[in-house]
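# Residue-level structure breakdown
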Amino acid sequence: MDRSRADEPTAKQGLAVPETGWASARRHPQVDQGWVGLPPEDEDPVFGLPAESWRYVIGQLRRWDQVDGRVNPLDNEDKEPRFLTLDGMLENRMG
């Protein structure tokens, strides 16, 4: 993450999310049974993030989808931007 242009709370949030994910992966009961010390790919990870962090993730997915749309416009074969499916799924899980 480029912290030189981010405000301090955004930078902290941006760093906390992956750190939480890595810590969760290290505690997984099947750690080291996947690639490079990670759980197997077919295991669903569990991340103990607060709702505020999940909203941050959703916002970043939407932000970068807009950037991707400007850089790589959709063609006729693309049905929708790739991150919108993921951010919608996360939003549904949050309730």
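Structure report, in brief.

The rules we used
Residues numbered from 1 in each chain as written. Predicted model: local features only at pLDDT ≥ 70, side-chain atom pairs only at ≥ 80, totals over all residues. Heavy atoms only, no water. Helix = DSSP H or I, 4+ residues; strand = E, 2+ residues; numbered from the N terminus. Buried < 20%, exposed > 50% of the residue type's maximum accessible area, 1.4 Å probe, protein only. Areas by Shrake-Rupley, 256 points an atom, 1.4 Å probe, with all protein chains shown as cover. Axes fitted to C-alpha atoms, helices over the stretch in contact; angles between N-to-C directions. Parallel < 35°, antiparallel > 145°, perpendicular 65-115°, else oblique. Contact = heavy atoms within 4.5 Å. Nonpolar A, V, L, I, M, F, W, Y, C, P; charged D, E, K, R; others polar. Salt bridge = Lys/Arg side-chain N within 4 Å of Asp/Glu carboxyl O. Polar contact = N/O pair within 3.5 Å; in protein donor to acceptor, adjacent residues only side chain to side chain. Expected span 1.5 Å × (residues − 1). Core = buried A, V, L, I, M, F, W, Y, C linked by side-chain atoms within 4.5 Å. Patch = residues over 30% accessible without salt bridge, like charges linked within 9 Å, V, L, I, M, F, W, Y side chains within 5 Å. Lys, Arg positive; Asp, Glu negative; His and termini not counted. Charge placed at Lys NZ, Arg CZ, Asp CG, Glu CD.

To continue, consider the overall build of the protein chain. Within the protein chain, the regular secondary structure consists of 3 helices and 0 strands. Taken from N to C terminus, the helices and strands of the protein chain fall in the order α-α-α. Within the protein chain, the fraction of its 95 residues that count as buried is 22%. On the protein chain, roughly 7700 Å² of surface is accessible, and the fraction owed to carbon and sulfur atoms is 52%.

What follows concerns the packing of helix α1 (residues 8-27) against helix α2 (residues 51-71). Between α1 and α2, whose axes approach to 10 Å, the crossing angle comes to 95°. Taken as axis vectors, α1 and α2 run roughly perpendicular relative to one another. Across from Thr10, Gln13, Gly14 and Val17 in α1, the residues of α2 making contact are Glu52, Ser53, Tyr56 and Val57. Each residue belonging to the contact of α1 with α2 can be placed in one class, and the counts come to 3 nonpolar, 4 polar and 1 charged.

The next thing to look at is the pattern of salt bridges. Tallying each qualifying case throughout the model produces 1 salt bridge. Of the charged contacts in the structure, one is a salt bridge between arginine 62 and glutamate 91, with a shortest N-O distance of 2.8 Å. Of this pair, arginine 62 sits in helix α2 while glutamate 91 is found in helix α3 (residues 82-94), placing the two residues 29 residues apart along the sequence.

Among the structural elements, glutamine 13 can be located in helix α1. At a separation of 3.3 Å, a polar atom in the side chain of glutamine 13 contacts the side chain of glutamate 52. In contact with glutamine 13, not counting residues within four places along its chain, are Glu52, Ser53 and Tyr56.

The end-to-end C-alpha separation of α2 is 30 Å, in line with the 30 Å expected for 21 residues at 1.5 Å each. Listing the buried residues of α2 in full gives Ser53, Tyr56, Val57, Ile58, Leu61, Asp65 and Asp68.

Counting 7 residues, the largest nonpolar core consists of Val17, Leu49, Tyr56, Val57, Ile58, Leu61 and Leu90. No other element matches the 4 residues that α2 contributes to this core. Residues in contact with leucine 90, not counting those within four places in the same chain, are Trp54, Val57, Ile58 and Leu61.

Turning our eyes to something else, we now look at a negative patch on the surface. Taken together, the side chains of Glu41, Asp42, Glu43 and Asp44 define an acidic patch exposed on the protein surface. Relative to the helices and strands, aspartate 44 resides in the loop between α1 and α2. A relative accessible area of 65% places aspartate 44 in the exposed class.

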